[in-house]
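# Chains, contacts and geometry: an overview
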Amino acid sequence: MNMTEYIDQAEKDLLHTYNRYQIVLEKGDGVNLYDINGKKYLDFVGGIAVFALGYNNKEYNDALKDQIDKLIHTSNYYYNVPAIEAARLVKKASGMDRVFFTNSGAEAVEGAIKAARKYAYNKDHKTDHEIIAMEHSFHGRTMGALSVTGNPKYREAFEPMIGNIRFAEYNNIDSVKALINDKTCAIIMETVQGEGGLIPAKEEFLKEVRALCDEKDILLILDEIQCGMGRTGYMFAWQRYGVKPDIMTSAKALGCGVPVGAFMMTEKVAENSLVAGDHGTTYGGNPLACRAAQKVLDLFEKNHIIEHVRELTPYLEGELDKLVAEYDCIIERRGSGFMQGLVFDRPVAPVINKALEEGLFTINAGPNILRLVPPLVITKDDIDEMIKIVRKALASL
Ligand SMILES: *Cc1c(COP(=O)(O)O)cnc(C)c1O
């Protein structure tokens, strides 16, 4: 079948929940993707902040192949070595005390919400606890994660959501304070909002939220699914602020392509929340997924990924700032590290489509923001190439 035939077939068989770009991908190598016609693309999307190490990383692939030949799956009723090793490395990277592996980001958020509710339940045995989430947040598409997602457009048709969620304004401490009461059990937010527009939490805001949580024994849940795993130049974005969450979530780059997520918590939360029988998953934490996470964390350290992001961030930001200065249609640059957005005064779809034609993957965050979340192994030359193509795309507007 040729590309058009594959796409026609896909549109007959797959549920149409995505407006897909008209490309069928076949393989990836480093920071490049190839479609089934052999056309090469420079990838500044990375499967949306997933492929941190780039495609076709030999050590990563070899580890997975080795694991496939050993053991792909076993029940969580038994221990397996990759899960034990991965948990140790996740703890070391995050400074959290206990790890629960999931299959996706949304499931990590679900687990975090359950842990927070159980923690509150154990204190007063009431079932009317509230969670404060942020406007414009994104936490995933399952019912619990959707319930704390601050985008009414995603939620409306699926109401009723899980109850007792209140939405505060991100980076506005007064709006958080106004919602806190005796029933509040948790505050959940992304450390850097991704989908919502590449908005980092203000340091003052995060510190004040932490202080409020400490004062009232409310749990702070930080969603690091997109902004974590080195993307902002820190293993987890909260580490830059020195504000530690009680519960945190990870996924996306944690498995670098193999579906694996996690929620982690402090010992205090672990001791007072979920116990045997409270939560589970068949696939979560299986040997193949955990071998991926284990290898990813191993390679992050070995290949100095975080140092690389830190070193190259000023260059990336500088080049993007030049675009902001040059083009009237770009209002500003936002973001942190290798998680950057260009805010346009108009929809960015034509820019993305033109760039794609020219061999560059970019993606939007909302209609007007061009989002760049490349593999963390990009070089200066890749940035130059990206800028060149974006310029071409802008010229064609
Ligand atoms: C992608 C994302 C999720 C959802 O992760 P899935 O693996 O798609 O379920 C949750 N939170 C944030 C911040 C994300 O970027």
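Residues numbered from 1 in each chain as written. Predicted model: local features only at pLDDT ≥ 70, side-chain atom pairs only at ≥ 80, totals over all residues. Heavy atoms only, no water.

Attention now moves to the site of the ligand. The full set of residues close to the ligand is S104, G105, A106, F138, H139, G140, E190, D223, I225, Q226 and K252. At 3.3 Å, a backbone N or O of F138 approaches a nitrogen atom of the ligand. In the environment of the ligand, an oxygen atom lies 2.8 Å from a nitrogen or oxygen atom belonging to the side chain of Q226. In isolation the ligand has 380 Å² of accessible area, and contact with the protein removes 80% of it. Here the residues of the shell around the ligand are counted per class, giving three nonpolar, five polar and three charged. (Near = heavy atom within 4 Å. Polar contact = N/O pair within 3.5 Å; in protein donor to acceptor, adjacent residues only side chain to side chain. Areas by Shrake-Rupley, 256 points an atom, 1.4 Å probe, with all protein chains shown as cover. Nonpolar A, V, L, I, M, F, W, Y, C, P; charged D, E, K, R; others polar.)

To continue, consider the packing of helix α3 (residues 58-70) against helix α12 (residues 287-302). Where α3 meets α12, the closest approach of the two axes is 9 Å, and the angle between their N-to-C directions is 155°. When the axis of α3 is compared with that of α12, the two are roughly antiparallel. Pair α3 / α12 crosses with right-handed handedness. Packed against α3, whose contacting residues are E59, Y60, A63, L64, D66, Q67, I68 and K70, the element α12 presents P287, L288, R291, A292, K295, V296, L299 and K302 at the interface. Across the contact of α3 with α12, the residue classes tally to nine nonpolar, one polar and six charged. (Axes fitted to C-alpha atoms, helices over the stretch in contact; angles between N-to-C directions. Helix = DSSP H or I, 4+ residues; strand = E, 2+ residues; numbered from the N terminus. Parallel < 35°, antiparallel > 145°, perpendicular 65-115°, else oblique. Left-handed = near helix turned anticlockwise from the far one by under 90°. Contact = heavy atoms within 4.5 Å.)

So, on to the domain arrangement of the chain. Assigned domains within the chain: domain 1 (3-53 + 304-396) and domain 2 (59-302). Look at where the C-alpha atoms of domain 1 and domain 2 centre, and you get two points 26 Å apart. Taken together, the contacts link 26 residues of domain 1 with 27 residues of domain 2. Approximately 2200 Å² of surface area, both sides summed, lies buried where domain 1 meets domain 2, with 64% of it carried by carbon and sulfur atoms. Of all residues in domain 1, the largest losses of buried area upon contact with domain 2 belong to L53, I306 and M339, amounting jointly to 26% of the total for that side. Counting across the domain 1 and domain 2 interface gives one salt bridge. A salt bridge links E195 to R371; the shortest N-O distance between them is 3.2 Å. Mapped onto the side of domain 1 that touches domain 2, the elements with two or more residues apiece are α2 (46-49), α13 (305-326), β13 (330-336), β14 (339-344) and β17 (369-372). (Domains from an automatic or database assignment. Buried area = accessible area lost by both parts, 1.4 Å probe. Salt bridge = Lys/Arg side-chain N within 4 Å of Asp/Glu carboxyl O.)

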